Amino acid sequence: MFKNKKLLLILAGLVIIAAVVIWLVAGGKGDDSGNTAATETPGGATVTEEGGTKALAQTFYIYDTVVNIKIFGNDATQQNMDDIQGLLERMDTQFSRTKEDGELYAVNQAAGKEAVAVSDETIDIVKQSIKYAEDMDGLYEPTIGPLVDLWAIGEGGEHVPDQADIDAAKSLINYKDIIIDESAKTIKLAREGMVLDMGGIGKGYAADRIADYLKEQGLDSAMINLGGSSIIALGNKPNGSQWNIGLQDPDQSRGTQLGTIKISDEVIDASGVYERYFMQDGVRYHHILDPRTGFPSQNGLKSITIMSPNATDADALSTGVFLMGLEDGLKYLESLPEEVEAFFITEDNKIYATSGIRDRLQLTDPTYTFAD
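Residues numbered from 1 in each chain as written. Predicted model: local features only at pLDDT ≥ 70, side-chain atom pairs only at ≥ 80, totals over all residues. Heavy atoms only, no water.

Now for the overall build of the protein. Looking only at helices and strands, the protein has nine helices and 19 strands in total. Across the 372 residues in the protein, those meeting the buried criterion constitute 52%. Accessible area of the protein: about 16,900 Å², with a carbon and sulfur share of 48%. (Helix = DSSP H or I, 4+ residues; strand = E, 2+ residues; numbered from the N terminus. Buried < 20%, exposed > 50% of the residue type's maximum accessible area, 1.4 Å probe, protein only. Areas by Shrake-Rupley, 256 points an atom, 1.4 Å probe, with all protein chains shown as cover.)

Most of the time, phi is negative for any residue but glycine, and the peptide bond is trans. Of note in this structure, Asp-64 is not a glycine but carries a positive phi near 55°. Considering the arrangement of structural elements, one finds Asp-64 in the loop between strand 3 (53–62) and strand 4 (65–72). A relative accessible area of 70% places Asp-64 in the exposed class. The backbone of Asp-265 sits at a positive phi, close to 45°, despite the residue not being glycine.

With that out of the way, let us pick up the nonpolar core. As a rule of thumb, soluble globular proteins bury nonpolar side chains together. One finds Ile-69, Val-126, Leu-196, Ile-210, Leu-214 and Ile-224 to be the most contacted residues of the largest nonpolar core, which totals 73 residues. The dominant element in this core, judged by the number of residues it contributes, is helix 8 (residues 311–324), at eight residues. Beyond its immediate chain neighbours, meaning those up to four positions away, Ile-224 contacts Asn-68, Ile-69, Ala-207, Ile-210, Ala-211, Leu-214, Ser-230, Ile-231 and Ile-232. (Core = buried A, V, L, I, M, F, W, Y, C linked by side-chain atoms within 4.5 Å. Contact = heavy atoms within 4.5 Å.)

This next bit is on the packing of helix 7 (residues 202–216) against helix 8. At a closest axis distance of 7 Å, the pairing of helix 7 and helix 8 adopts a crossing angle of 170°. By the angle class used here, helix 7 and helix 8 are roughly antiparallel. Residue-level contacts link Gly-202, Lys-203, Gly-204, Tyr-205, Ala-207 and Asp-208 of helix 7 to Ala-311, Thr-312 and Asp-315 of helix 8. (Axes fitted to C-alpha atoms, helices over the stretch in contact; angles between N-to-C directions. Parallel < 35°, antiparallel > 145°, perpendicular 65-115°, else oblique.)

Take the environment of Gly-52 next. Within the secondary structure layout, Gly-52 lies in the loop between strand 2 (46–50) and strand 3. On the accessibility criterion, Gly-52 (48% relative accessible area) is partly exposed. The spacing of Gly-52 and Gly-73 is 21 residues in sequence and 9.7 Å in space, taken between C-alpha atoms.

Right under this line is the structure:
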């Protein structure tokens, strides 16, 4: 029964997110005038011509989400899509805490016992996760795995765990107990029961690697969308115009929007209470877990959207800054030396934006207004 239910949810997500991506890539009505009829390659990519430029698009189900890639360029081929699929599948396995043939799974199984040899890529993502944890005082926490496993939000049968179990899981969380030996290329968790979880940056890291690959191939116009939460707009559209991105309404199912924003060579990453959650006694318990309390954050925020040149940064920030809350989160973002912008949506439907993004947001839903 549960497997069938999960399959139905996946199929529904495919349909809904595909609709979102059509909007994201097309940028609204009128942008695709003069397009040729679509054909399909033997490998499954859809080929069109848009404004005299070849466009190649394909959808995959990887990272437990729908991945949509659209590449513009007359040199784009099915091999590019095959390479991207292989790259995603490799990282999905390597960085999974649940796939038994993955490197992260092996590290977690050996927690408190021994170091595990891993690839350069796994060392890289874990090192980056530690840096984010240091920068955000542990609010982004790569060893959050025991709490994620305990709450199991999105896995079916969710309920609020006993406080004793939450306390036990919290005691196993500390990024300072990750031991990396770069010369030996090993990772060790200091205490048995610890669990590394790259869910907070995995999609962003994967999106960055896809962007790097496309640039190496000389393809500099593309839309990379991992489940609607990590989106890279590479370059501009072939006609030189910016991409027009629909912004998720946190109160509605995916596919609805509160407004739009135009971007080029930029990343959008969103986190919110609408993504994965369950209700108990009238309270929404969502997937953004606070390592300080062991509970999902309850700080008056519905969502946060980060815009950054780097998808890995944006992914980590969307979690850590959400947990900071509105006031501290805005101060933290404004203090960063990097070009990072964001907007927060609070439970009263007010939008609070950093100084560099407010004028770029075009609201289309009167439910939402900018805070004074």
